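Structure assessment
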Amino acid sequence: MAIMANEVHKSLRRELENYLKAQYFGKSPLLLDAIEPLLDKEGELYQTPYIESSPAYLTVKDGIETLSIPTWLKAFFLNLSHENMGVFESPFKHQLTALQETFDGKDIFVATGTGSGKTECFLWPILAKLCTEAKESPQTWEQRGLRTILMYPMNALVSDQLSRLRRLLGDPEEKFVRILRETSGEKTRRPQFGMYTGRTPYPGDTPKIEEDRKLAKTLSHMLPSENELNKFYSDLQKDGKIPAKKDLAAFIENLHEGNHVPDLEDAEMITRFEMQHLCPDILITNYSMLEYMLLRPRESNIWKNTAEWLQSAPENKLMLVLDE
């Protein structure tokens, strides 16, 4: 027999009633007799359930093929789709519209419900922007500078997006960078991202060796031990729980000696000093931290690099994403 919504509601009510009886009134039959009628009365412990259906969003079969974008860029997205890298064979129509509109140079505002794939509405345009510059303007692509700023109101949302970028740009099998280089050229520089918030290690004008070694020790706990199953570590990587470093162990070793310079094959920058030294392409931050970054001298190199990149070609524009 199928379990219907009404049966689920009744089951939840029974479980809650039994818990309250056992926890608070089990030792007093008098109180139990007095409270029992109230526990089963609508409006006291529960309300009539309401069922809200999610809207069905229009999908487009082979949607990437319908876009008015260059053939090579379609191939880039189709290759990502074939490798299950966050691009869908039958995307929602509004996801395709977002990609087309941003490619055409328009600003977009996306307001759809839960489960509608809002993240793809800005993530795909970011990928298109990176790939287009890497292929069509390799000279400016070699320059450091922010291409995109992802802005969030709170750190919890920042952390969620960080995991998403690790799984895509920093996938452990390196499928993304392989597809990018197949599209834009084998010598294409790998795009890099970094989270810059109050949680990013660590504050201060300059690195401190004691803090470096403390951070190195913390990061070393993420490395698989000899007794740990490689599959468990691999699963954490695939879930975006491990920093997307080319060689995390080597980074930790360098950090122990006070070296914050990232490897050019790192997808992710972990520390503030890495990003201050070598500007990432994608910056994930929040409103408060961005204000500090715009005012403090220690982050001036990020804005200097970005300004020089913007001035190097009229096509270069900074993409600003304001996520909920």
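Our subject is the structure listed above.
All chains use their own residue numbering, which begins from 1 and follows the written sequence. Where local features are concerned, this predicted model is filtered to residues with pLDDT of at least 70; where side-chain atom pairs are given and counted, the filter is 80 or more; whole-chain, interface and lining totals use all residues. For the side-chain quantities, the full set of heavy atoms in the structure was used; hydrogens and water were omitted.

This part takes up the sheet that holds strand β1 (residues 148-152). A strand pair is defined by DSSP finding two or more bridges across the two strands. Strands are runs of DSSP state E lasting at least 2 residues, helices are runs of H or I lasting at least 4, and numbering of each runs from the N terminus. The strand order across the open sheet built from five strands is β3-β2-β4-β1-β5, with neighbouring strands paired in parallel fashion. Every other strand in the sheet has two partners, leaving β3 (268-269) and β5 (319-322) as the edge strands with one partner each. Direction of pairing for strand β2 (residues 193-195) relative to strand β4 (residues 282-286): parallel, over a ladder of three bridges. Each bridged residue has a counterpart across the sheet, and for F193 the counterpart in β4 is I282. Contact between two residues is taken to exist if any of their heavy atoms lie within 4.5 Å; hydrogens are not considered. Fitted lines through C-alpha atoms give the axes, limited to the stretch in contact for helices. The angle between two N-to-C directions lies from 0 to 180 degrees. Along the sheet, helix α7 (residues 155-168) makes contact with β1, β2, β3 and β4, crossing β4 at roughly 160°.

Using a 1.4 Å probe on the protein chains alone, a residue whose accessible area is under 20% of its type maximum counts as buried, one over 50% counts as exposed, and one in between counts as partly exposed. Burial of β1 is extensive: five of the five residues sit out of reach of the surface. By the alternation rule, side chains of β1 split into T148, L150 and Y152 and I149 and M151, which are all buried. Alignment of β1 against β4, held across five bridges, turns out to be parallel. Pairing of T148 across the sheet is with I282, part of β4. Where β1 and β5 come together, four bridges link them in parallel fashion. By the bridge assignment, M151 is partnered in β5 with L322.

We define a nonpolar core as any set of buried Ala, Val, Leu, Ile, Met, Phe, Trp, Tyr and Cys residues linked to one another through side-chain atoms lying within 4.5 Å. Counting 40 residues, the largest nonpolar core has F76, F77, L80, L150, F176 and F193 as the members making the most contacts within it. If sequence neighbours within four positions are ignored, F76 has contacts with L127, C131, F176, I179, L180 and T183. In this structure, L278, M289, L290 and I302 belong to the second largest nonpolar core, which totals 14 residues.

Judged by side-chain polarity, L16, Y19 and Y24 come together as a nonpolar surface patch covering roughly 320 Å² of accessible area. Along the chain, the position of Y24 falls in helix α1 (residues 5-25). Note that patches include only residues with greater than 30% relative accessible area and no salt bridge, and the join distances are 9 Å for like charges and 5 Å for nonpolar side chains (Val, Leu, Ile, Met, Phe, Trp, Tyr). Residue exposure ignores everything except the shown protein chains as possible cover, and the areas themselves are Shrake-Rupley values with a 1.4 Å probe. Any carboxyl oxygen of Asp or Glu that lies within 4 Å of a side-chain nitrogen of Lys or Arg is treated as forming a salt bridge with it.

In this section: the packing of aromatic side chains. Side-chain rings of Phe, Tyr and Trp, where Trp is taken by its six-membered ring, are said to pair if the distance between their centres is within 6.5 Å; with planes under 30 degrees apart they count as stacked, over 60 as edge-to-face, and otherwise as tilted. Summed over all chains, the structure comprises seven aromatic pairs. Judged by centre distance (6.3 Å) and plane angle (75°), the rings of F76 and F176 are edge-to-face. Separated by 100 residues along the polypeptide, F76 in helix α3 (residues 71-82) and F176 in helix α8 (residues 175-184) bring together distant segments of the chain. Judged by its relative accessible area of 2%, F176 is buried.

Turning next to the environment of I284. Along the polypeptide, I284 turns up in strand β4. Not counting residues up to four positions away in its chain, the partners in contact with I284 are L150, Y152, V158, L162, L165, F193, G194, M195, Y196 and T197.

To continue, consider the state of the cysteines. We call a pair of cysteine sulfur atoms a disulfide when they lie within 2.5 Å. Summed over all chains, the structure comprises zero disulfides. Not part of a disulfide, C131 finds its nearest cysteine sulfur in C121, a span of 19 Å. Cysteine C279 shares no disulfide, and the gap to the nearest cysteine sulfur, in C131, comes to 20 Å.

Their axes nearest at 11 Å, the elements α1 and helix α2 (residues 29-39) cross at an angle of 155°. The orientation of α1 with respect to α2, classified from their angle, is roughly antiparallel. In the crossing of α1 with α2, the sense of the turn from one axis to the other is right-handed. Between α1 and α2, the residues in contact are E17, L20, K21 and F25 and L31, L32, I35, E36 and L39, respectively. We call Asp, Glu, Lys and Arg charged. Ala, Val, Leu, Ile, Met, Phe, Trp, Tyr, Cys and Pro are nonpolar, and the rest, Gly among them, are polar. Taken together, the residues that form the contact of α1 with α2 break down as six nonpolar, no polar and three charged. Roughly parallel means an angle under 35 degrees; roughly antiparallel means over 145; roughly perpendicular covers 65 to 115; every other angle is labelled oblique. Put simply, a crossing is left-handed when the front helix is turned counterclockwise from the back one by less than a right angle, and right-handed when it is turned clockwise.

As a further point, take the packing of α3 against helix α5 (residues 118-136). Relative to each other, α3 and α5 sit at 130°, their axes nearing to 11 Å. If you check the angle between α3 and α5, you find them oblique. Judged by the sense of rotation from one axis to the other, the crossing of α3 with α5 is right-handed. On α5, the residues touching W72, L73, F76, F77 and L80 of α3 are W124, L127, A128, C131, T132, K135 and E136. Taken together, the residues that form the contact of α3 with α5 break down as nine nonpolar, one polar and two charged.

Attention now moves to the side chain of S163. Mapped onto the elements, S163 comes out in helix α7. Residue S163 is classed as buried on the basis of its relative accessible area, which comes to 11%. Other than its neighbours up to four places away in sequence, S163 contacts D239 and G240.

To continue, consider the pattern of salt bridges. As enumerated under the stated definition, the model contains 23 salt bridges in all. Note that R164 and E120 form a salt bridge whose closest N and O atoms lie 2.2 Å from each other. Of the two residues, R164 sits in helix α7 while E120 sits in helix α5, which places them 44 residues apart along the sequence. One salt bridge in this structure joins K245 and D266, with 3.1 Å as the shortest N-O distance.

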